[in-house]
Each structure stands twice: as structure tokens, then as C-alpha cells.
Amino acid sequence: CTTWSDAYFIYEDGHSHCYSCDTTTLPSSTTEASTPSRYSFEYLPYSGVSKSTMEYCGLRTAIDSSGKPRYIESTFIDPEGKKGIQKRYLDKKSFSGEDMSGPRLFFAGKFEGGGRRITVVEGSKDAASVVEMNGKYPVVSVVSSTSAKKDLAAFKDFINSFDEIVLCFDSDDPGMKATKACYSLFDHKKVRVVDMTLYNDPNEYLVNNQKQAFKSQWFAASRYQRDDIISSFSDVKKALEENKDKPSVSLPFP
């Protein structure tokens, strides 16, 4: 386990838990979480996301008494509307949480259901990045790739009320596993996947000034394709072209 992982959380009493390997670590007397601190909060630009988008998304930056930004605060809610706080620390590149047990979704409740298309991403920073690049189309975020299926299952009715469900998880192995797991929750005709060919996640597109490239790939999101099934005309055509005649058994007739 590593504090770089989205599945790793440090709680207010100082203990930590990795939801990937299900390991809990007890607090030490020297952890920052066990030391009370006072912070002020501001909406500041972060990782390519503008101040106005940070404010729209409700992503606050905690400022310590010396004026140093310490963490980005995201508010996730459960199906009953109970809020949980996730903190992304800026200096340690780790996460902590308050009341984050159980399934949660970022932006749940901000958008009305029943629209044409909703985008699902992995992390509030990516959600804010999608808003920055695409505008205020409905977008929600799971807590992490490891909790993605559980998070979406808890909000299944809301997600399923949209005509199209666009999965835009990271292009790494955990993200692809989350895509496969979440696809099974919904009607396969609704689910589409953004094929991010340039970078690993939406924020990387944003910080590398590839806004238009992301928008193009987002609009071109196609239905999720299982590895063991081909269904599009181009895939079938390719398979037929690759199927060459092979020598077999001689037959006594033409």
C-alpha cells in the first residue's frame, strides 16, 4: 500500500485504512491528523482548474496560519444525503477523510436526473477538470477506482435516469478494471467509454493544454466493448480480412 493510492485514507483520529488491500494502520502520536490545527478556506486555482470552476465545484483550499495552502477539500454525499469530506493534501500527496465510510459520490445532487448524458470520473479533481474543459454538463465522481462499483450501485437510479452514461476513469489498469465492473451495472446500450489516447486522466489533458482533444474524445465516446465480443462494423470487417484460408484436409471433390 502507498499514500499515493486513491484507495488510501487517513482519518481524523490519525488511523489509516487502505480500501484496496483492506489494511488498517493505527495512529502514532506524531501524526498531523492527531494535532489540532486551524485553517481558513478559499477557492483557489489548482492543477489547471480555474478559481471560478473550483468555486462552482465546491472545492475549497485549506490555508494554515502561515498562509500556506495545505489541502483541497471535496464533499461527497451518500444516498441519504449525508456528507463526507475528503482531503487531498498538497505537500504529502495523500488523502484523509471524515465520515467517508460507505458508498459516496461527488456532485450527487448538484445535477438533476433525466438528462441526455452524464459523465462519471475517478476523483473530484478530474470532475472539476471535465467541467473546466466541457462546461457545466452533468458529471459525478466516485471516491476511487476500488470503490467505483459500490459508489455507483448506491446511486444507480440517478445515474440510470440519463440516456447515456459516459465512463471516464483513468486509463491505467485499476481504471480499466473499474470500467469493466461499472459497465455491468447498467444497460449496455447506455454505457459509453471515453478512449483517452493521449493522457491517463482528464486533468492531464487540462494541464497539458489539450482541452479540444479531450472534448473530441468525450463527444466520440463509444459503447463499451468487451474483449471477447466484437460488434461494430469496422471490427467485424477487420476480423474477416484477417481470417485467411489455411491448409486443412484434402477433399475428393471440388
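Here is what the cut-offs are and how they apply
- Residues numbered from 1 in each chain as written.
- Predicted model: local features only at pLDDT ≥ 70, side-chain atom pairs only at ≥ 80, totals over all residues.
- Heavy atoms only, no water.
- Helix = DSSP H or I, 4+ residues; strand = E, 2+ residues; numbered from the N terminus.
- Buried < 20%, exposed > 50% of the residue type's maximum accessible area, 1.4 Å probe, protein only.
- Contact = heavy atoms within 4.5 Å.
- Areas by Shrake-Rupley, 256 points an atom, 1.4 Å probe, with all protein chains shown as cover.
- Core = buried A, V, L, I, M, F, W, Y, C linked by side-chain atoms within 4.5 Å.
- Arc of directions from axis to C-beta.
- Patch = residues over 30% accessible without salt bridge, like charges linked within 9 Å, V, L, I, M, F, W, Y side chains within 5 Å.
- Salt bridge = Lys/Arg side-chain N within 4 Å of Asp/Glu carboxyl O.
- Phe/Tyr/Trp six-rings, centres within 6.5 Å; stacked < 30°, edge-to-face > 60°.

Enquirer: Quick question: what am I supposed to make of the overall build of the chain here?
Expert: Along its length, the chain carries eight helices and 14 strands. Residue burial in the chain is summarised as follows: out of 254 residues, 43% are buried. Residue pairs at least 24 apart in sequence account for 56% of intrachain contacts in the chain once pairs closer than 6 positions are excluded. Accessible area for the chain stands at about 14000 Å²; split by element, carbon and sulfur atoms hold 50% of it.

Enquirer: What is the right way to look at the nonpolar core in this model?
Expert: One broad rule of soluble globular proteins: the nonpolar side chains tend to lie buried together. Formed by 52 residues in total, the largest nonpolar core has its most connected members in Leu152, Ile159 and Leu167. Tallying contributions element by element places helix H2 (residues 124-134) first for this core, with five residues. Apart from the residues within four sequence positions on either side, isoleucine 159 is in contact with Leu105, Ile118, Val140, Leu152, Ile165 and Phe186.

Enquirer: What am I meant to see in helix H7 (residues 211-219) here?
Expert: For an α-helix the count is 3.6 residues per turn, leaving residues at separations of three or four pointing the same way. Along H7, the residues classified as buried are Ala213, Phe214, Gln217 and Trp218. Along H7, the residues classed as buried sweep out an arc of 135 degrees about the axis, all on the same side. Across from the buried face of H7, at angles greater than 90 degrees, the exposed residues are Gln212 and Phe219. Taken together, the buried residues of H7 touch strand E10 (117-122), H2, strand E12 (164-168) and helix H6 (202-207).

Enquirer: I keep staring at a nonpolar patch on the surface and nothing clicks. Help me out?
Expert: Residues Ile230, Val236 and Leu240 make up a contiguous nonpolar surface patch of about 270 Å² in total accessible area. Tracing the chain through its elements places isoleucine 230 in the loop between strand E14 (222-223) and helix H8 (233-242). Using a relative accessible area of 49% as the deciding quantity, one classes isoleucine 230 as partly exposed.

Enquirer: For this particular structure, what's the right way to read the packing of aromatic side chains?
Expert: What characterises a pair of aromatic rings is the spacing of the ring centres plus the angle enclosed by the ring planes. Under the criterion given, the structure shown has 12 aromatic pairs. Between tyrosine 56 and phenylalanine 107, the aromatic rings sit 6.4 Å apart at their centres with planes inclined by 75 degrees, giving edge-to-face as the arrangement. Here tyrosine 56, found in helix H1 (residues 51-57), pairs with phenylalanine 107, found in the loop between strand E9 (105-106) and E10; they are 51 residues apart in sequence, far enough to count as distant. Accessibility expressed as a relative area gives 21% for tyrosine 56, which makes it partly exposed. Between tryptophan 218 and phenylalanine 219, the aromatic rings sit 4.8 Å apart at their centres with planes inclined by 75 degrees, giving edge-to-face as the arrangement.

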